[in-house]
Amino acid sequence: MAPSVATPPPERPQAAPPQGKAPTKAVEGSSTWSMLDRIGLAFCWALGLLFCAIAVAIVVYLFLQGVKFLKLDQLTTPAATGFSETETGGFSDALIGTIIVAVMGISLALPVGIAIAVWLVEYGRPAPLARVTELTIEAIAGIPSIVLALFGTVIFSSTALGFLSRSNEGVVFGRSFFAAAAMLSLVALPLVVASTRQGLESIPRHVREASYAVGKTKAATIRRILLPTARPQVATGMILGLGRIIGDTAIILVLLGATQNFAPVEGAVFPFDYLRGAGTTLTNFVYEASPTGNLNQPQKAYAAAFVLLLMVLGLNAAADLVHRRARKAGTWSH
Amino acid sequence: MEPLSAPPPIRRLDPQDPIPAREVVLGVPTNGNGAAGAPAAGGFTAAKRSIAAPQFSIRRMEVDKVSIHYGAKEAVKGVSLPIRQGEVLALIGPSGCGKTTLLRSLNRLTELTAAARLTGSIRLDDVDIRLIEPTLLRRRVTMVFQQPNPFPMSVFDNIAYVLREQGSRRTKKKVLAPQVHSALQRAGLFEEVKDNLDHPALKLSGGQQQRLCIARALAAEPEVLLLDEPCSALDPQSTAVIEDLIVKLRDDVAVVIVTHNLQQAYRIADHVAFMYLGDLVEYNSATRLFNAPAQERTREYVSGAFG
Ligand SMILES: Nc1ncnc2c1ncn2[C@@H]1O[C@H](COP(=O)(O)OP(=O)(O)OP(=O)(O)O)[C@@H](O)[C@H]1O
Ligand SMILES: [Mg+2]
């Protein structure tokens, strides 16, 4: 019970206000921390600044080099064989190749990834099957892409899949945009699954039940409530996946043929002639144009790398936009 | 399924169910002195009943010896009680006594918990609810949750979602507008939101969100409305608005409300069920349960809570 007469609280020793400048606000300062904590704090600051500096340096350097060396006609002229810088053309085939593998890869990974995530979070039964699915996705995430590429050559060189690449007298070449995109979608898949799952799991259970409690089916709830709510996370997964696809070199080298230009299959209908044929991407072009590559024209490597950087920055901006719009719609209070 | 025309509620008078006597009423001053005529046995004078006695009461649902297990744990132990239209039924009891579990079993939401097992039977208009397809049942028996949980879309779409056929988005806004407006009106929210129905629902205040959830539950034209501590996250003013609303609704739908707020139960309920550790200890009219409880346990709980 509270006493009927309130006794005044005991006097607390008051710290004398510092002389001179009147304090405007009392804040916690690290001067009260232990030595170890202070060293830790300093260390964190130093590391943080260091990494920021490195990141900024890379971006600024690429930007400056890119602006200096990128010429717009490089984006529209394909690479060519030649002896001087002016004769070897640009990298339009590589740019288009990157866009093709990105679009094809993500259009495989996105629906499959979303479906897997929805099944894992909303159904997940029988439990052992869900566990196996989870482990498989984790395993795929852990496999280096060069190993995936090797595995891809086995699959796509089989006679049954000859229609997906070039074949010559019964020998299947096994390298094409189809083959590369299929394996690249596996690279993106775990990222889409993980991100979508996270989005679905962050929706409180009672929100699902509120939909069921007005007579909605599970399918309607998933389509109209859960997936739209998880859209920002799906977008994040998609962008991370696209970034991995765009940045991959191993699969391009092994499964796309890494030719200098498109190598369409004669006699096939457009666009399948191109998609069944070999090709190249920007990452591969950067490698070829770097001092270690056959082309050895570092200036073009910088130009292509700059384009790659712009693409990735554009994707990040898009993801940011989706998140910002979702934040405007609000969220549940906990 | 016909989404836009839910079956009209079947309103039958149950001859075995006498209309409660007028003397139940406390809030209507009969001798200019309010609750003076009520027995003061329980010492329950803190709050006055603010509503008139029900005009009628029709038995809609029947909970019959229902037990619910979560694995080995028995959360509800052989509970039987009627749920009537024209009345508000309040479920009270200490935390963990099975109120939510019982409430959720009324529209088969407990089935979503894999470990839950139900024995006994629950009937809606004499039909065992296990025989009613769950999505149809849940349109007839809708529920409002403790946490305000509007869907992350506009105010209008929250209601429209309920009115439209399952996953469809086809029905035009213009066609749905009258029904959406009427649902919002019934939930007492229309005046506040009519100018910006496209406003994101999650940006409304907590009290408005909860009324939107009630509007959503009403849009399905239910026959029974379940409310699980609908005011626990709200301020007193929003609570008062929602209490008024619940009382207004009782003629059209049977209302079951779980509450920890005994004052609230006393203010708005006509019958009260007191549960303790899964048992239904006492089912009685609100006046009797609070002022002259039949069970010692009830007396302890009711008086303990009021000092
Ligand atoms: N999903 C579940 N799995 C297992 N046990 C559960 C589950 N939900 C509830 N229980 C148990 O059932 C009992 C009754 O829970 P219930 O939520 O119905 O209580 P309540 O009366 O609503 O409590 P409160 O007033 O705190 O909301 C509790 O002992 C709880 O531990
Ligand atoms: Mg509860």
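One can find the structure itself at the top, above this paragraph.
For clarity, every value in this text was computed on a predicted model and none was experimentally measured.

(A) Spatial organisation of the interface of chain A and chain B. Contacts between the two partners involve 26 residues from chain A and, on the opposite side, 32 residues from chain B. Taking both partners together, chain A and chain B bury about 2400 Å²; carbon and sulfur atoms supply 60% of that area. Counting every contact that joins chain A to chain B gives 1 salt bridge. Ionic pairing is found between Arg104(B) and Glu209(A), a salt bridge with its closest N-O pair at 2.7 Å. Where chain A meets chain B, there are 12 residue pairs in polar contact (both at pLDDT 80 or more). Listed by contribution, the elements that provide at least two residues to the side of chain A that touches chain B are helix 6 (205-212), helix 7 (218-229) and helix 12 (298-329) of chain A. Broken down by element, the residue count for the side of chain A that touches chain B peaks at 7 residues, all from helix 6 of chain A. Taken together, the residues that form the side of chain A that touches chain B break down as 9 nonpolar, 10 polar and 7 charged.

(B) Expanded view of the pattern of salt bridges. The tally for this structure, following the rule as stated, stands at 26 salt bridges over all chains. Taking the shortest distance from any N to any O, the salt bridge between Arg60(B) and Asp125(B) comes out at 2.9 Å. In this pair, Arg60(B) sits in strand 1 (residues 58-70) while Asp125(B) sits in the loop between strand 4 (116-124) and strand 5 (127-128), placing the two residues 65 residues apart along the sequence. Through salt bridges with shared partners, one network takes in Arg131(A), Glu134(A), Arg197(A) and Glu201(A).

(C) Summary view of the sheet that holds strand 1 of chain B. Residue and element names in this part refer to chain B. Read across the sheet, 4 strands follow the order 2-1-4-5 without closing on themselves; strand pairing throughout is antiparallel. Each of the sheet's edge strands pairs with one partner strand only, and the pair in question is strand 2 (73-85) and strand 5. Here 2 bridges tie strand 4 to strand 5, and the two strands are oriented antiparallel to one another. Of the residues in strand 5, the one forming a bridge with Leu124 is Val127.

(D) Inspection of the sheet that holds strand 8 (residues 254-258) of chain B at higher detail. Residues and elements named next belong to chain B. Read across the sheet, 6 strands follow the order 6-7-8-3-9-10 without closing on themselves; strand pairing throughout is mixed. Two strands close off the open sheet at either side, each with one partner strand: strand 6 (141-144) and strand 10 (279-285). Across the sheet, the mean angle separating the axes of adjacent strands is 20° when strand polarity is ignored. Across the face of the sheet, helix 7 (residues 236-249) comes into contact with strand 3 (88-92), strand 7 (224-228) and strand 8 while running at roughly 145° to strand 8.

(E) Spotlight on helix 12 of chain A. Residues and elements named next belong to chain A. The terminal C-alpha atoms of helix 12, which comprises 32 residues, lie 47 Å apart, in line with the 46 Å expected from a rise of 1.5 Å per residue. For helix 12, the complete set of buried residues consists of Lys300, Ala301, Ala303, Ala304, Ala305, Phe306, Val307, Leu308, Leu309, Leu315 and Ala319. Residues of helix 12 that are buried make contact with helix 1 (35-69), helix 2 (92-123), helix 8 (231-247) and helix 11 (282-289). Where helix 12 ends, the next residue or the one after it, Gly330, has phi of about 85°, a positive value.

(F) Structural detail: the nonpolar core. With 55 residues, the main nonpolar core has Ile92(B), Ile159(B), Leu184(B), Ile214(B) and Phe290(B) as its most contacted residues. It is helix 6 (residues 206-219) of chain B that contributes the most residues to this core, 7 residues altogether. Counting residues in hydrophobic clusters, the runner-up holds 50 residues, among them Leu110(A), Leu89(B), Ile122(B) and Met143(B).

(G) Spatial organisation of a nonpolar patch on the surface. Residue and element names in this part refer to chain A. Together, Phe43, Leu47, Leu50, Phe51, Ile54, Ile58, Val59, Phe63, Val67, Leu310 and Leu313 make up an exposed nonpolar region whose accessible area comes to about 1000 Å². Top element by residues in the nonpolar patch is helix 1. It accounts for 9 residues. Relative to the elements of secondary structure, Phe63 occurs in helix 1. Under the relative-accessibility criterion, Phe63 is labelled partly exposed at 37%.

(H) Structural view of the side chain of Thr259(B). All names here are of chain B. Here Thr259 is to be found in the loop between strand 8 and helix 8 (262-268). For Thr259, a relative accessible area of 4% gives the class buried. For Thr259, the residues in contact, after removing those within four places along its chain, are Leu91, Ile92, Glu229, Gln264 and Ala265.

Reading the values: rules and limits
Residues numbered from 1 in each chain as written. Chains lettered and ligands numbered in written order. Predicted model: local features only at pLDDT ≥ 70, side-chain atom pairs only at ≥ 80, totals over all residues. Heavy atoms only, no water. Contact = heavy atoms within 4.5 Å. Buried area = accessible area lost by both parts, 1.4 Å probe. Salt bridge = Lys/Arg side-chain N within 4 Å of Asp/Glu carboxyl O. Polar contact = N/O pair within 3.5 Å; in protein donor to acceptor, adjacent residues only side chain to side chain. Helix = DSSP H or I, 4+ residues; strand = E, 2+ residues; numbered from the N terminus. Nonpolar A, V, L, I, M, F, W, Y, C, P; charged D, E, K, R; others polar. Pairing = 2+ DSSP bridges. Axes fitted to C-alpha atoms, helices over the stretch in contact; angles between N-to-C directions. Expected span 1.5 Å × (residues − 1). Buried < 20%, exposed > 50% of the residue type's maximum accessible area, 1.4 Å probe, protein only. Core = buried A, V, L, I, M, F, W, Y, C linked by side-chain atoms within 4.5 Å. Patch = residues over 30% accessible without salt bridge, like charges linked within 9 Å, V, L, I, M, F, W, Y side chains within 5 Å. Areas by Shrake-Rupley, 256 points an atom, 1.4 Å probe, with all protein chains shown as cover.

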